[in-house]
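# Examining the three-dimensional arrangement
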Amino acid sequence: MIRRTLLAALLVCGVSITASAETYKIDATHSYVGFTVRHMAISKVKGAFNEFEGTIDIDPADTTKWACDVTIQTASIDTRSERRDGHLKSPDFFNAEEFPTITFKSTKVVPKGNGALEIMGDLTMHGVTKPVTLDAEYLGGMESERGKRAGFTATTTIDRMDYGVSWDNMMETGGLVVSHDVDITLEIEASMRYPEESGD
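Residues numbered from 1 in each chain as written. Predicted model: local features only at pLDDT ≥ 70, side-chain atom pairs only at ≥ 80, totals over all residues. Heavy atoms only, no water.

### Observations concerning the overall build of the chain
A tally of regular secondary structure across the chain gives two helices and eleven strands. Helices and strands in the chain line up, N terminus first, as α-β-β-β-β-β-β-α-β-β-β-β-β. Taken over 200 residues, the chain has a buried fraction of 36%. Considering only contacts in the chain between residues 6 or more positions apart, those separated by 24 or more positions represent 55%. For the chain, the accessible area works out to roughly 12,300 Å², and carbon and sulfur atoms hold 53% of it. (Helix = DSSP H or I, 4+ residues; strand = E, 2+ residues; numbered from the N terminus. Buried < 20%, exposed > 50% of the residue type's maximum accessible area, 1.4 Å probe, protein only. Contact = heavy atoms within 4.5 Å. Areas by Shrake-Rupley, 256 points an atom, 1.4 Å probe, with all protein chains shown as cover.)

And the structure:
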């Protein structure tokens, strides 16, 4: 109530209010960080990281000022196979003990119309940082008395060899057991809570 009353008073007095970026926190319970690889050249295997956090800065007046910063816990990888997950955490792949996090920090956001976005940024994995571009979509937002929420989806494809995740095994037919290309899919819901208002 106090926040709304102050806003109304400023408007009545003719005070100019300039919109600025609002920081949303990623809601991991309503979000998904997943990947897909080709297996033995004939099928696709999916996996996910279950532990991650991050922020998204949203400027209502200027989409080019939007930004995001995400940290993923490498050891939270989950492919529904304990044995396979153990191999992926080992030095053959992610080496989770030496490189416990994977991070993405945006450097530029380009609006493409109708909610479509290109999000450029730096992806750091296995101790290697490379630029990547996410093909993203802003799905919309909502507001309640407790705060705001916003939804996004994004995809990209990386070559794991570029990051030193270089375990390789060839089949007798010549194909790879695990593809070099990794398709990444992000389904993100983020929230910004209003400060608790006192009764004073």
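### A look at the environment of Trp 66
Assignment of secondary structure puts Trp 66 in the loop between strand E4 (52–58) and strand E5 (67–73). Expressed as a C-alpha distance, the spacing of Trp 66 and Ile 119, which sit 53 residues apart in the sequence, is 9.2 Å. Those residues in contact with Trp 66, other than ones at most four positions away along the chain, are Asp 57, Ile 58, Asp 59, Val 109, Leu 117, Tyr 138 and Phe 152. Engagement of the side chain of Trp 66 in a polar contact is seen with the backbone oxygen of Asp 59, the distance being 2.9 Å. (Polar contact = N/O pair within 3.5 Å; in protein donor to acceptor, adjacent residues only side chain to side chain.)

### Here we look at the confidence of the model for the chain
Caution applies to low-pLDDT regions: their predicted coordinates should not be interpreted in detail. For the chain, per-residue confidence averages 86 on the pLDDT scale, and residues scoring 70 or more make up 82% of the total. Within the model, the stretch residues 1–18 combines pLDDT values under 50 with ten contacts to residues more than four positions away or in other chains. (pLDDT = per-residue confidence, 0-100.)

### So, the environment of Val 178
Relative to the helices and strands, Val 178 is located in the loop between strand E10 (147–159) and strand E11 (181–193). Take Val 178: its relative accessible area is 18%, and that puts it in the buried class. Sequence spacing of Val 178 and Lys 44 is 134 residues, and the spatial spacing of their C-alpha atoms is 9.5 Å.

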